Amino acid sequence: MSLTHVPVAPVPPERFMEILGPQQADEFRDTIRRGLELLDSRVIWNVNSTAQGGGVAEMLASLLAYTRGAGLDARWVVTGGDPSFYRVTKRIHNMLHGFPGDGRGLDEKDLDVYDRTTEENARELVPLISPGDIVLLHDPQTAGLIGPVRDAGAHVVWRCHIGVDTANDHGRAAWDFLLPHVRGAEALVFTREAHIWDGLDRSRVTLIPPSIDAFSAKNQEMRDAVVNAILCKARLQPGHPAEPPVFVRRDGSPGRVDRPATRAGSHPLPAGVQALIQVSRWDRLKDPEGVLEAFASHVAPRSDAHLVLAGPSTEAVADDPEGAEVLSEVGRLRASLPRSVGDRVHLFSLPMEDVAENGAIVNAIQRRADVIAQKSVAEGFGLTVAEAMWKARPVVAGAVGGIREQVIDGETGFLVDPLDLEAFAAAALELLGDPERAIAMGARAREEVRERYLGPRHLRQYVELFERLLGAGAGEP
Ligand code: UDP
């Protein structure tokens, strides 16, 4: 086991000016100026447990690129761990979402596993840190590092990207497990008010919602012909690419989709059919089985639409042992459907060797959608929801957690009770049956993201937090 340094190429933050309104652009220039003044020679470390797969890795890749582009020394390291550590942290993850996970609860043995891995990671991380550095630790896998990093003289911020509206006993048990560590952080960041744990010093808590990168391979503009070419090249649509399946990498260099996706026994998505699409990790909390059931029972009999469930190749996401299991369950469910319906269900596992290539495929799939689904049963904040909205697609989403603030029900999409399969299907059918309304909702959705969920707002909130942290002693370590 060892720490991995994730290299991040700098990207000039001035790129944002082309998509920001004049007032937003002025604010962003001010953010950059303040950040440079404040942080100067300090290193801003980001520590999490995976370099790819999932929302946190996605955001770090983007925010670090612009921070480095602005001239700051922001770095990213990924902690190590063995399967027993990930079993414990996956359980904690599920419990913070209010679910039992594998149901084993958390006991002394788990504490041992957690502490042992934490000590090993700390041994490698601490020597890299200088007094006065800022260390942003992300999510439960890194909470144990708070003490060692603080003792090294750094300013420690722990950010929890997970949470639920109302904590239950599972959530509280996970808090109890982590609180002894978390209390030691100088600042704590949560996504939403509802996620803040009991027992924390409120004066240390800051709320910062996530953001998406408008220029990443995943979210950049993409012509329809390129969407088709990428889908064909990845073997997700029949036929051969009519033009090169290309995209632009974050550093401005050209990228091309080369690797095929796999389809878990399902067919490619025919060109020209209507598509309801959910892109998510293969995770029970995203409820791909529920989406499939709702489609099979209620959407398929009333429309000609097809369903796509797409997610990362399950070998690739090292800290998520459930992925392969969930995908095979969904595959079995599809295989059990009558052929006329099963043939309209497509399960796409996307190559993850090259994060940008994967992003370009996600981009093409989301743009291929007439309606995007995100029927999560729990969600701190749905990055996939923001990504779909930025692409001007209407979303039918579970009315849970942060999604409720992201989607304005009836205006930028529909919010439904995720356990009510009929309600989910009815909302999807309404949009599939009224393309004009779907387009109008999509257009509003894009404006909402421009205002609230792009990098400049996110970076501004970080700079404001660091100003508070360094406040009186700015300039001194
Ligand atoms: N994602 C991806 N490739 C895939 C499937 C998903 O890059 O094959 C991305 C997705 O586009 C989004 C992130 O993984 O950016 C998932 O973030 P979200 O907040 O929706 O859920 P999380 O995985 O963090 O629970």
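Up top you'll find the structure we're talking about.
Residues numbered from 1 in each chain as written. Predicted model: local features only at pLDDT ≥ 70, side-chain atom pairs only at ≥ 80, totals over all residues. Heavy atoms only, no water.

**Q** Looking at this structure, I do not really get the sheet that holds strand β6 (residues 187-190). What am I missing?
**A** Strand order in the open sheet formed by seven strands is β1-β3-β2-β4-β5-β6-β7, and the pairing between neighbours is mixed. If you trace the sheet from one side to the other, it starts and ends with β1 (4-5) and β7 (205-207), each paired once. Here five bridges tie strand β4 (residues 134-138) to strand β5 (residues 155-160), and the two strands are oriented parallel to one another. By the bridge assignment, Val-135 is partnered in β5 with Val-156. (Pairing = 2+ DSSP bridges. Helix = DSSP H or I, 4+ residues; strand = E, 2+ residues; numbered from the N terminus.)

**Q** It is not clear to me how the pairing of strand β12 (residues 345-350) should be interpreted in this structure. Could you clarify?
**A** Residues in a regular strand point their side chains to alternate faces of the sheet. By the criterion of burial, β12 is predominantly enclosed, with six of the six residues buried. Residue alternation in β12 divides its side chains into two sets, Val-345, Leu-347 and Ser-349 and His-346, Phe-348 and Leu-350, and both sets are buried. Sheet topology note: the strand β11 (residues 306-312)/β12 ladder contains six bridges and is parallel. When the bridges of β12 are listed, Pro-312 appears paired with Leu-350. (Buried < 20%, exposed > 50% of the residue type's maximum accessible area, 1.4 Å probe, protein only.)

**Q** Hey, could you run me through the nonpolar core in this one?
**A** Trp-76, Leu-236, Ile-365 and Phe-466 are the most contacted members of the largest nonpolar core, which has 83 residues in total. Broken down by element, the residue count for this core peaks at eight residues, all from helix α2 (residues 55-69). Contacts of Ile-365, omitting those with residues within four sequence positions, involve Leu-231, Leu-236, Ile-277, Val-279, Val-308, Ala-310, Phe-348 and Leu-350. If you look at the next biggest cluster of nonpolar residues, it comprises 41 residues, including Phe-85, Ala-122, Leu-188 and Phe-190. (Core = buried A, V, L, I, M, F, W, Y, C linked by side-chain atoms within 4.5 Å. Contact = heavy atoms within 4.5 Å.)

**Q** Whenever I open this one, the packing of aromatic side chains confuses me. Can you help?
**A** Each aromatic ring pair is summarised here by two numbers: the centre-to-centre distance and the angle between the ring planes. Under the definition given, this model contains 11 aromatic pairs. One aromatic cluster is present, built from ring pairs that chain together Phe-16, Phe-28, Tyr-66 and Phe-215. (Phe/Tyr/Trp six-rings, centres within 6.5 Å; stacked < 30°, edge-to-face > 60°.)

**Q** I'm lost on the sheet that holds strand β15 (residues 413-416) in this one. Help?
**A** Hydrogen bonds between backbone atoms are what pair the strands of a sheet, whose relative direction is either parallel or antiparallel. Judged by pairing direction, the sheet is parallel, and its six strands sit side by side in the order β12-β11-β10-β13-β14-β15 without closing on themselves. Because the sheet does not close on itself, it has two edges, and the strands there are β12 and β15. Taking the axes of each pair of neighbouring strands and ignoring which way they run, one obtains an average angle of 20 degrees across the sheet. Bridge count for strand β13 (residues 371-374) against strand β14 (residues 395-398) is three bridges, and the pairing is parallel. When the sheet's bridge partners are listed, Gln-374 is paired in β14 with Ala-397. (Axes fitted to C-alpha atoms, helices over the stretch in contact; angles between N-to-C directions.)

**Q** It is not clear to me how the packing of helix α7 (residues 224-233) against helix α11 (residues 355-368) should be interpreted in this structure. Could you clarify?
**A** For any two helices packed against each other, one specifies the inter-axial angle together with the distance between the axes. Two elements in contact, α7 and α11, have axes separated by 9 Å at closest approach and are oriented at 120 degrees. In this structure, α7 meets α11 at a crossing whose hand is left-handed. Taking contact as the criterion, the partners of Val-227, Ile-230 and Leu-231 in α7 are, on α11, Ala-360, Ile-361, Ala-364, Ile-365, Arg-367 and Arg-368. The residue inventory of the contact of α7 with α11, partitioned by class, reads seven nonpolar, no polar and two charged. (Left-handed = near helix turned anticlockwise from the far one by under 90°. Nonpolar A, V, L, I, M, F, W, Y, C, P; charged D, E, K, R; others polar.)

**Q** Where do I start with unusual backbone geometry in this structure?
**A** Within the chain, Ala-264 stands out as a residue other than glycine whose phi angle is a positive 45 degrees. Along the polypeptide, Ala-264 turns up in the loop between β9 (254-256) and β10 (275-279). Of note in this structure, Ala-392 is not a glycine but carries a positive phi near 60 degrees. Position of Ala-392 relative to the elements: it lies in the loop between α12 (383-390) and β14. For Ala-392, a relative accessible area of 26% corresponds to the partly exposed category.

**Q** So what exactly am I meant to see when it comes to the site of the ligand here?
**A** Inspection of the region around the ligand gives 18 residues, with Lys-218, Arg-281, Lys-286, Leu-383 and Glu-387 positioned closest. The contact in question runs from an oxygen atom of the ligand to an N or O atom on the side chain of Lys-286, over 2.7 Å. Between Asn-358 and the ligand, the recorded distance is 2.9 Å, taken from a side-chain N or O atom to a nitrogen atom. Its free accessible area being 540 Å², the ligand has 92% of it covered by the protein chains. Contributing elements (two or more residues each) for the shell around the ligand: α2, β11, α11 and α12. The greatest single-element share of the shell around the ligand, amounting to three residues, is contributed by α12. When grouped by side-chain class, the residues that make up the shell around the ligand number six nonpolar, six polar and six charged. (Near = heavy atom within 4 Å. Polar contact = N/O pair within 3.5 Å; in protein donor to acceptor, adjacent residues only side chain to side chain. Areas by Shrake-Rupley, 256 points an atom, 1.4 Å probe, with all protein chains shown as cover.)

This is a description of form; function is not addressed.
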